[in-house]
Amino acid sequence: MLIKHRAGWEMPESRVTPEHVFLNRRTFLGAAAALAVASPARAEEDPSAGLYPAKPNPAFADAGRPVTEAQYATTYNNYYEFGSSKRIAEAAARMPIRPWEVVIDGEVEAPQRLGIDDLLKQVMLEERIYRHRCVEAWAMVVPWTGFTVKRLVEIARPTADAKYVRFEGFNKPEFAPGQKDGLFTSYPWPYVEAITMAEALNDLPLMVTGAYGKPLPNSMGAPLRLHLPWKYGFKSIKGIVRVSFTKERPVSFWETLGPSEYGFWANVNPEVPHPRWSQDSEQMLGSGERVPTVIYNGYAEQVAHLYKDLGGEKLFM
Ligand SMILES: Nc1nc2c(c(=O)[nH]1)N[C@H]1C(S)=C(S)[C@@H](COP(=O)(O)O)O[C@H]1N2
Ligand SMILES: [Mo]
């Protein structure tokens, strides 16, 4: 039985829970002291630690806004596998991320199963500073480390029939309390997201393996996540275990739960409100500053052309 859920942020009470303290520097410091974040200890044992810090890509050295301090970005997270609270960092840190295999399949010349460290040997890591805009209207700026989705496509060798790239997250209810079925409800695990081949081959999308010059903390989606800086954050799937090339357009996790509110495209646009709130401004994580939202989150020059001939589509939800 699938009962339609409301996401945590849609529940009226979430607007007044202590979660809001993360968006405000003065109250955050008290809350942070109460949190024991285990990810730095875990990162020291990470077999990929020697790959960091990676070389900054000068084309993405400035996101036009100050970089969010790591303490905020690493401890205020959306990761429903670990629950609907923003404070999942500790629970996430307890999930082992080695061994970690990534399956590449679907419309490809030959399916592959790669250990994350073998995948890392086939790529060149770089650092890019990108904006991130959550559909809930908070935002951050993070120095991400990773490799392009374009490079992943090269490694995967899709056939001419591949039209979409589908990403699937892990399913480990033994470590992820949000994946244990509730009594009356269940989410459609695993988390799934997808982009078109044209989007995948654009230069912006990043397969992220690190942040702030270190291996990614589990809270941010280690050991492998996607980052799509011009789309609402829910498209940037974390904890990836499978990449499939498909002919048909996949249906995402949030699209399954709320098709009238969370669509396939989800491009950032200040003029298209979410059905229940405005998207015309956003609050910066850490500083708490409220700033205007920008079309395609500031990346129109790089991506607007992808959507020129898609007039009939709901591009901004
Ligand atoms: N697997 C998975 N990926 C996910 C999510 C999630 O719940 N599960 N939440 C998404 C949402 S809504 C956002 S805003 C970003 C948050 O990334 P962060 O926690 O690193 O800030 O991750 C996205 N990717
Ligand atoms: Mo989000």
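We now turn to the structure provided with this report.

Reading the values: rules and limits
- Residues numbered from 1 in each chain as written.
- Chains lettered and ligands numbered in written order.
- Predicted model: local features only at pLDDT ≥ 70, side-chain atom pairs only at ≥ 80, totals over all residues.
- Heavy atoms only, no water.
- Buried < 20%, exposed > 50% of the residue type's maximum accessible area, 1.4 Å probe, protein only.
- Helix = DSSP H or I, 4+ residues; strand = E, 2+ residues; numbered from the N terminus.
- Pairing = 2+ DSSP bridges.
- Phe/Tyr/Trp six-rings, centres within 6.5 Å; stacked < 30°, edge-to-face > 60°.

1. Notes on the pairing of strand β8 (residues 206–211)
Within β8, six of the six residues are buried, which leaves the element mostly enclosed by the surrounding structure. For strand β5 (residues 138–148) and β8, the ladder comprises five bridges, and the chain directions are antiparallel. Within β8, the position partnered with Phe-147 by the bridge is Met-207. Examined bridge by bridge, β8 and strand β10 (residues 225–227) share three bridges and lie antiparallel to one another. Residue Val-208 lies in a different strand from β10, and its bridge partner there is Arg-225. Looking at chain direction, β8 and strand β9 (residues 214–215) are connected through two bridges and run antiparallel. Among the inter-strand pairings, Ala-211 is bridged to a residue of β9, identified as Lys-214. The loop that links β8 with its antiparallel partner β9 comprises two residues; one of these, Tyr-212, has a positive phi angle of about 55°.

2. Regarding the packing of aromatic side chains
One pass over the structure, following the stated rule, counts 21 aromatic pairs. Between the aromatic rings of Tyr-80 and Trp-254, the centroid separation amounts to 5.2 Å while the plane-to-plane angle is 90°, which identifies the pairing as edge-to-face. Taken as a pair, Tyr-80 in the loop between α3 (70–73) and α4 (89–93) and Trp-254 in helix α8 (residues 253–257) lie far apart in primary sequence, 174 residues in all. The exposure class of Trp-254 is buried, given its relative accessible area of 3%. Ring plane angle 25° and centroid distance 5.8 Å describe the contact between Tyr-187 and Phe-253, whose orientation is recorded as stacked.

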